[in-house]
Structures are given as C-alpha cells and as structure tokens.
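# Analysis of the macromolecular model
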Amino acid sequence: MLRISPRFGIRISSRFRLTFHSAAAAAAKVHHILLSVPHIEPPLDALSPLISSHVVTSVLLRSDIAPAFRFYIWSSHRPSLRSLASRHAILSLLRRAPDPAWSVLEDLRRQGLPIGPRAFDVLIAAYVASGRPDRAIESFDRMPEFDSRPNAFTYNTVLHLLFEEKMALLALAVYNRMIRSDCRPDRSTFHMLIDGLCKLGKTEDAVALFDEMFERGFTPNSVTYTIVVSGLCRAEKIDEARSLVEVMRSNGCEPDSVTRNALLNGYCRLGRLDEAFELARTFKQEGFRLGLFDYSCLIDGLFERGCFREAVWLYGTVLEEGLVPNLVLYSVLINWFSKAGRIEEAFGLFNEMVRRGLVPDKFCYNALIEGLCQVGSLDRAYKLLRELPDRGVVPDVRPYNIVINGLCKAQLIEKALKLFEELQIKGLSPSAVTYATLIDGLCKAGMSVDAEILYRKLEGNNPSPSNGDSHVRQLERLCDSGAIGEAYKLLRDLDHSGVTLNIRIYTILINGLCKAKKVDDALKLFEELRIRGHSPNLVTYGTIIDGLQSVNRFEEALLVFEQMLSGGCSLDLPIYITVMKILCRMRRVSQAITLWLDYLSQMNGLSDEEVRVLESVKKDFEFGSMEDVIAGLLVLDCKRGAVNCLPYTVWLIGFIQDERLEEALVIFYKLTERGISVTSACCVWLISNLCREWKLDSAKDVMLYTLEKGFLLWQVGNNLIIRLCQEKRRNDASDLLQRMSVAGYDVNGYLFEARKAILGLDEDHFLEDNEAQPISCEA
C-alpha cells in the first residue's frame, strides 16, 4: 500500500487511492441517505456491497443521534459491518442524549422492521454511562415490546449494573429470567454473578453458583477460583478459602499473586497475624516473592493490632528489599499515622509519595483530613478540603462529613451548617451521616427546632410497618414473575421514600442482643443489615455504639462511628456528648477548647463587642493563659445570656485526667467566682486528685465549697481528713470536721476511732453543735 521512493519520500499507491476514494464516496452516499431519505433501509440495502465497517464508523461520527442510531441498527444485522469502533462511536453519541433513540425504535416497530439485541445493548450502556440506571433497566424490561430477545451480552450488562446498584435480589431474578429464556450464560456471566454476590456478602449463594458452573459444563479457571477465594476471605471464612486453594491446585490451577494476596489479607483482617506471617514464609519457600500488596496487608494488620513499632520496622524491610512503595502502601501508612495523631509524619509520607510521582487518591486525603480534625487542626482540615479540586480530586460527601463532624464536636454549629450548604451547592447529596451529625450538633447547641426540621427532612414520609410488609411481598412477586423493570422502580421508590421497615426490625434485634451483652452477635446482625443493601439509620448506629461502649470496646465503637460518617448517617446528641468526653479521656483537652472557640467564631448574631472579646480569648489561648481564656469565655457567655457549666466541667475533668491540676483549679475558681455551680462529680475528681498530689489547701477549698452546696461526699472528705492528719495539720482537720458536722455529716458515725484518737476527740465532741439526728451520707 505504501512505497518508499529512492529519495526517501512516501507516495500512496494507485490501489490505495482507489480504495480510499471508494470508501469516502460510500460514506458520502450513506450520509446523504441519512439526511434526505425517511426510510433508509431500502437504499442502504442497495448500497451495502460498497459499505465496510470503516464506512459505518465514519458515518456514525458525522451524524446526528437519531439517524445514526437507525443506521447502527441496520448495520448490526450484518456481521461483516460490526466492529468495536462503530459500537464506541454510537455510544459516544447516545450517552449525551439517549432519549431520542426511542423515537427510532417506535418508528421501526411501526414499520415491522427487526430490532436486534445490539440496539438495546448500546442504549442500555448509554443510560448507564449517563448516570441513569433506572432508564437502563426500563430499556431492558421493554425489549419484548419490540420483539427483541436479549442475548448474553445484554444480560451481562444488566447484571453488572444491578450489582453496582447493590441489588442482588434483582440480579438473581435477571439470571433466572436468562435461564428460562434459554439464553445460555457464558463464563463472564458466572464470574459477574459470583463476584457480585461475594462483594455483597452473599457467599453461600456465590458458592452455589460456583457449583452450578460445573453442572452447566464450565470448568472454573484461576479467575473463578480467585473470585470465590476472595469472597470467602471477605466473609471471614478463611479456613474454607485455604481449602479451596488446595482444590484449585489439585485441579491444575496454580494460585497467582491475586489469590495469594486474598488469603494473606484474609488472615490479617481476622487478626490472625501469626498464621499470616507463617503463610508469607510458606510463599517465600515456594519461590513466590512477596509484593507490595502482600506487605501492605501485613503492615496494615500490625497497625490494626496496635503493633506500631513492628509495622514501621516491616515498612523498613520493604525499602531494604528494593521495593518502591505504591499508592496502597502509602495510603495504609498515612491512614494509621493520622489515626495515631502523628499528623506531621503523615504529611511527610504524603509529600514523599508525591515526590515519587504517585497521585494521592481520596483515601489519602480523607485520612489526612480526619487526622487534622482529630488533633484539633480544623482550620487546616477545612483548607485542605477546599483545596481538593485544585489538587485534581473531586471530593464526595465523605470528607465533608469528616469536617462537619469535627466542627460539630467543637460545637461550631454555624460553621458546620455553612459547610453543609456548600456541599449541596457543589451538587453533592448529603448522606444520612451528614444529617445525623448536624442533628446531634444542633441538639447539643440548644437549637432543637432546627434539629427537628432537619430530622424530618432526613426521615421523609416513612410508610407504616404494615405498608412496608406489603411492599416487600410485592417486590418478591415482581421478581418471581420476571418484571425486573417494575421491581427496580419499586425498590427505587421505596429507597427514596425512606422506608425503614427492615432497619427497624434489625434495630430491635440488635438492641436486644446488646442488652444481653451479646455484642458479637449484634455486630454480625449489624453487618448483615448492611450487606442486604439497607443503610443503618440514626437509631441503629446509636444502638450498636452504645452496646460496644457498654462492654468497654471503645475502639470498635469508634470504627462504627467512622462507618457512620462514610455511610451517610449522622450522630445524635448522646453520641456527640460521648465523643467529646472521649476526647478529654484521650488527653486532648486543648483540642476540645479549640473546637469550642471555632464554634463560637461561626455563631451568627454576635455583637461587635462579643467578637472583640472572642478574639481576645483566642489570643490568650495561643499564649497559654488558661485563666484569661476561662475568664474571657465566661464574660462572653454572660453577654450572650448562655451561662452554664458546660463545656467547662468537661474540660475540668479532662485536665484532671491529663494530670493538669492547675488548669482544672483555674476552671473551678473561675466558675465559683461567677456563681456558676460546679457539679459534685467535678468536686470528687478535684478533691481526690488534689489529695493524691498533697495539694491540701486547694482540696480543702473545694471541700468547703461542697459543704456550702450541700454535697455530702463522705469518702473524699474522709480521705482529706486522713491527709491532713498525716501532714500533722490537726487544727485544719478539726476545723474541717467541725464544718462538716454543721453541714449535716454524721461525723461520729463515719470517722474511725483511730482517727478520733489522733485528733483528740471524744464521742460527744460534735453533739453540742449538731443536736439533730445523724444524716446518712451519700458517696
């Protein structure tokens, strides 16, 4: 076709010029027919000897949607004119606006012209590509109206869509319809079904289909085995997965790197690290070199177990072996360093990853944003969130949920609401997590009316349980009858209307199991609920978190909380309070104060004077002047008319837990100076820890405050008396006992005889000042 001239020029042969000219001429004629002839089929039939697959593609690229689709249908009946290029060409047209294709189909039906399955293949694919899965299912369901029989490719397209939509019930119904219509499934059909069922947690159904493959004459290959092994590992059936690998080998299929990694990952996910490392050694003995994915599993497993040092050491081994870390490994490291509060080291790894030419994904950014929120750097987290589009990342709702949650924890409700509006302006749909977080924040901020409005918006119009039952029965009938389109529409309608029948039933069972301390069973039920395609609601999450907390499984409770954020459900008031207290227990009191300051900054309606006071408080906090910070905040509270002991008492106990008694005393004295009541619990914490540190004057001050308030704290009072005696401060001890007696303590009954002897007291020492009957004391 091409010849090189002696002068190294290139000239086209006469034969090629003739072929090119003929194709161009044929394409021009076809294009003219599409533009000028209403019924294109007869003239195209006459011209067909001159039309090639290349001509078909060329014409499709130059035509409008309706004539192009009709021409594609005509060409699809001729095997010699079919090509992937022409399919891609018509798809690129239809995905922009697939609806005009229906007028073509209606016209062909009126004329009695055949419409093959390939017409619907591209139409269904176009609807999927344009983000309209409901129309894709409708197109599939209407094929019989046009005497078009789906082929295996059509069925596979729809099955893939349904599994993407997590509609396993409908996918199995489509498969049953495929079998009933005598359309033979191919290997891809089984792979898609098995993989989809495994990913949705329906492992038993997947294994049944795996067995059915044999019955239908298909021999599983390494891909099939790997899909099932991965599914079993995902379902925590690691021993069955290990056995299947042996069967795989006996059938002549050697496990590849994907299969091995699935096994290794399965052991790590179950926390069976000893077996995971033993398996890794076995792989090496068999001549299999561990790769980055394998090391990532092991490192992640070590982090999960809390073996931070060992995980970092293993990462060093990866580098020593000359392996260059990939995105997965960096993501694991960044995630765990962020969770550990080592945020600067996480950013160091992030920068190292970028220098290596790797492009960070959403997971990396979400981990960093969450880590920043965790350490109280909300401004940096918010800034990073805003920068994501500039960094080439299109954020979904999850990073917004993370920052909104952090803002709500800091009681920065106005700022959280502003971010909530922003995510909607950007075209993102708030998840249930978003709503729940805001509802909880609003409740804690005393904005109950706003919380109620938001809650109603989240709940929608839920049908009654009886209506829900009828919908479920209707759905089952539609699936059994093969009415996939109607069943799909019903599912979507139920989803959009917020039906929570099954969730309510699950929640009742989960609550009962948690009350019976059978939390592991409750967790299994919780996972089953999610696997079946239901989104846990506010009550469900609250129930399982409370259950985990009741048995002191705090880390798991936090993991469920993270699922809550990623799954689109929000928090309620009790959860928010619990998390804020946890921050203080984790010795992150400064973070809690920072969150509170950010919250106040975003409040609407602050006067100029209030803003000035707040800015002064922020400066005091930057310079570590806790006394001025508390004083300033109390002034601000008075101006706002919102004076109460929260959040000060939370910080007070947090400082005590962090062994920062001086800051705790600052809060105590500032509150009492303002006449704000300090709770008896705070007093107990203060007196006990002040006694332990031998700060007896301060302990006595707090004890005298409890007497004024009428708190009868005999145990800590007795401890203080003991400490005073040990310090040989007999007069102070006697003075305190006298005051306690006047306040109503049964001193004779509660002070040990040995202590009385030390103080030189007799049996009736206090009776002259306390003639009333003894008052029983409460701990």
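All of these numbers come straight from a predicted model, not from anything done at the bench.

## Topic: the overall build of the protein
The helix and strand tally for the protein stands at 44 helices and two strands. By residue count, 49% of the 779 residues in the protein fall in the buried class. Here the protein has roughly 37,400 Å² of accessible surface; of this, 52% comes from carbon and sulfur atoms.

## Observations regarding the packing of aromatic side chains
By the definition in use, this model includes 19 aromatic pairs. An angle of 55 degrees between the planes, with centres 5.8 Å apart, marks the rings of phenylalanine 120 and phenylalanine 146 as tilted. Of this pair, phenylalanine 120 sits in helix α7 (residues 117-129) while phenylalanine 146 sits in the loop between α8 (133-141) and α9 (152-164), and the two are 26 residues apart along the sequence. Each member of the pair, phenylalanine 120 as well as phenylalanine 146, carries the same accessibility label: buried. Ring pairs connect the aromatic residues Phe303, Phe308, Trp336 and Phe337, which therefore count as one cluster. In this structure, arginine 109 packs its charged tip against the face of phenylalanine 146, placed 4.4 Å from the ring centre.

## A word on the side chain of serine 75
Among the secondary structure elements, serine 75 is positioned in helix α4 (residues 65-76). Once residues within four sequence positions are removed from consideration, serine 75 is found in contact with Val56, Leu81 and Arg82.

## Some thoughts on the confidence of the model for the protein
Detailed reading of the predicted coordinates is not advisable wherever pLDDT is low. Model confidence for the protein is summarised by a mean pLDDT of 78, while 79% of its residues fall at 70 or above. Considering only residues more than four positions removed or in separate chains, one finds that residues 497-501, a stretch of pLDDT under 50, has 15 contacts.

## Quick notes on helix α17 (residues 292-305)
Look at α17: 20 Å from first C-alpha to last across 14 residues, which is about the 20 Å you get at 1.5 Å a residue. Among the 14 residues that make up α17, ten are buried, leaving the element largely enclosed by the rest of the structure. Among the residues of α17, Leu292, Asp294, Tyr295, Ser296, Cys297, Leu298, Ile299, Gly301, Leu302 and Phe303 are the ones counted as buried. On its buried side, α17 packs onto α15 (257-269), α16 (273-285), α18 (308-320) and α19 (327-339). Among the residues trailing α17, glycine 306 stands out with phi positive, at a value near 95 degrees.

## So, the pattern of salt bridges
If you walk through the whole model with that rule in mind, you get 43 salt bridges. Between arginine 109 and glutamate 106 there is a salt bridge whose closest N-O contact spans 2.6 Å. With arginine 109 and glutamate 106 both in helix α6 (residues 101-110) and three residues apart, the pair spans about one turn of that helix. Its relative accessible area of 35% is what places arginine 109 among the partly exposed residues. Put simply, glutamate 627 and lysine 670 hold a salt bridge, and the shortest N to O gap is 3.5 Å. Residue glutamate 627 is located in helix α36 (residues 626-640), and its partner lysine 670 is located in helix α38 (residues 661-673); the two are separated by 43 residues in the primary sequence. On the accessibility criterion, glutamate 627 (45% relative accessible area) is partly exposed. Where salt bridges share partners, they join Asp697, Lys700, Arg729, Asp732, Asp735 and Arg739 into one cluster.

## Quick look at the nonpolar core
Counting 155 residues, the largest nonpolar core has Phe69, Phe71, Ile194 and Ile299 as the members making the most contacts within it. Val589, Leu633, Cys691 and Tyr745 belong to the second largest nonpolar core, which has 54 residues in total.

## What to know about unusual backbone geometry
A negative phi holds for most residues other than glycine; trans holds for most peptide bonds. In this structure, glutamate 236 takes a positive phi of about 65 degrees despite not being glycine. Within the secondary structure layout, glutamate 236 lies in the loop between α13 (222-234) and α14 (238-250). Positive phi outside glycine occurs at glutamine 411, with the angle close to 60 degrees. Here glutamine 411 lies in the loop between α23 (397-409) and α24 (413-425). Using a relative accessible area of 14% as the deciding quantity, one classes glutamine 411 as buried.

## As for the packing of α19 against helix α21 (residues 362-374)
Remark: α19 packs on α21, axes separated minimally by 8 Å, with the N-to-C direction vectors making an angle of 10 degrees. Here α19 lies roughly parallel to α21, going by the angle between them. Facing α19, whose interface residues are Leu327, Ser331, Ile334, Asn335, Ser338 and Lys339, α21 presents Phe363, Cys364, Ala367, Leu368, Gly371 and Gln374. When its residues are assigned to classes, the contact of α19 with α21 shows six nonpolar, five polar and one charged.

## Concerning helix α40 (residues 696-709)
The end-to-end C-alpha distance of α40 is 20 Å, a good match for the 20 Å that 14 residues give at a rise of 1.5 Å each. Within α40, ten of the 14 residues are buried, which leaves the element mostly enclosed by the surrounding structure. Along α40, the residues classified as buried are Leu696, Ser698, Ala699, Lys700, Val702, Met703, Leu704, Tyr705, Thr706 and Leu707. Looking at the buried side of α40, the elements it contacts are α38, α39 (680-692), α41 (714-726) and α42 (730-743). Immediately downstream of α40, the backbone of glycine 710 shows phi near 85 degrees, a positive value.

## Digging into the side chain of serine 296
One can find serine 296 in helix α17. Overall, serine 296 belongs to the buried group, its relative accessible area being 3%. Contact partners of serine 296, with chain neighbours within four places excluded, come to Asn326, Val328, Leu329 and Val332.

## Examining the packing of α38 against α40
Their axes nearest at 12 Å, the elements α38 and α40 cross at an angle of 35 degrees. Where α38 crosses over α40, the two elements pack in a sense that is left-handed. Across the interface between the two elements, Leu665, Phe668, Tyr669 and Thr672 from α38 touch Ser698, Asp701, Val702 and Tyr705 from α40. Residues belonging to the contact of α38 with α40 are distributed by class as follows: five nonpolar, two polar and one charged.

## A word on the environment of isoleucine 453
Mapped onto the secondary structure, isoleucine 453 falls in helix α26 (residues 448-459). Isoleucine 453 sits 14 residues away from isoleucine 439 along the chain, and the two C-alpha atoms are 9.0 Å apart.

## With respect to the environment of proline 220
Considering the arrangement of structural elements, one finds proline 220 in the loop between α12 (203-215) and α13. Ignoring anything within four residues of it in the chain, the contact list for proline 220 reads Arg187, Phe210, Met213, Phe214, Tyr225 and Cys253.

How each quantity is defined
- Residues numbered from 1 in each chain as written.
- Predicted model: local features only at pLDDT ≥ 70, side-chain atom pairs only at ≥ 80, totals over all residues.
- Heavy atoms only, no water.
- Helix = DSSP H or I, 4+ residues; strand = E, 2+ residues; numbered from the N terminus.
- Buried < 20%, exposed > 50% of the residue type's maximum accessible area, 1.4 Å probe, protein only.
- Areas by Shrake-Rupley, 256 points an atom, 1.4 Å probe, with all protein chains shown as cover.
- Phe/Tyr/Trp six-rings, centres within 6.5 Å; stacked < 30°, edge-to-face > 60°.
- Lys NZ or Arg CZ within 6 Å of the ring centre and 35° of its normal.
- Contact = heavy atoms within 4.5 Å.
- pLDDT = per-residue confidence, 0-100.
- Expected span 1.5 Å × (residues − 1).
- Salt bridge = Lys/Arg side-chain N within 4 Å of Asp/Glu carboxyl O.
- Core = buried A, V, L, I, M, F, W, Y, C linked by side-chain atoms within 4.5 Å.
- Axes fitted to C-alpha atoms, helices over the stretch in contact; angles between N-to-C directions.
- Parallel < 35°, antiparallel > 145°, perpendicular 65-115°, else oblique.
- Nonpolar A, V, L, I, M, F, W, Y, C, P; charged D, E, K, R; others polar.
- Left-handed = near helix turned anticlockwise from the far one by under 90°.

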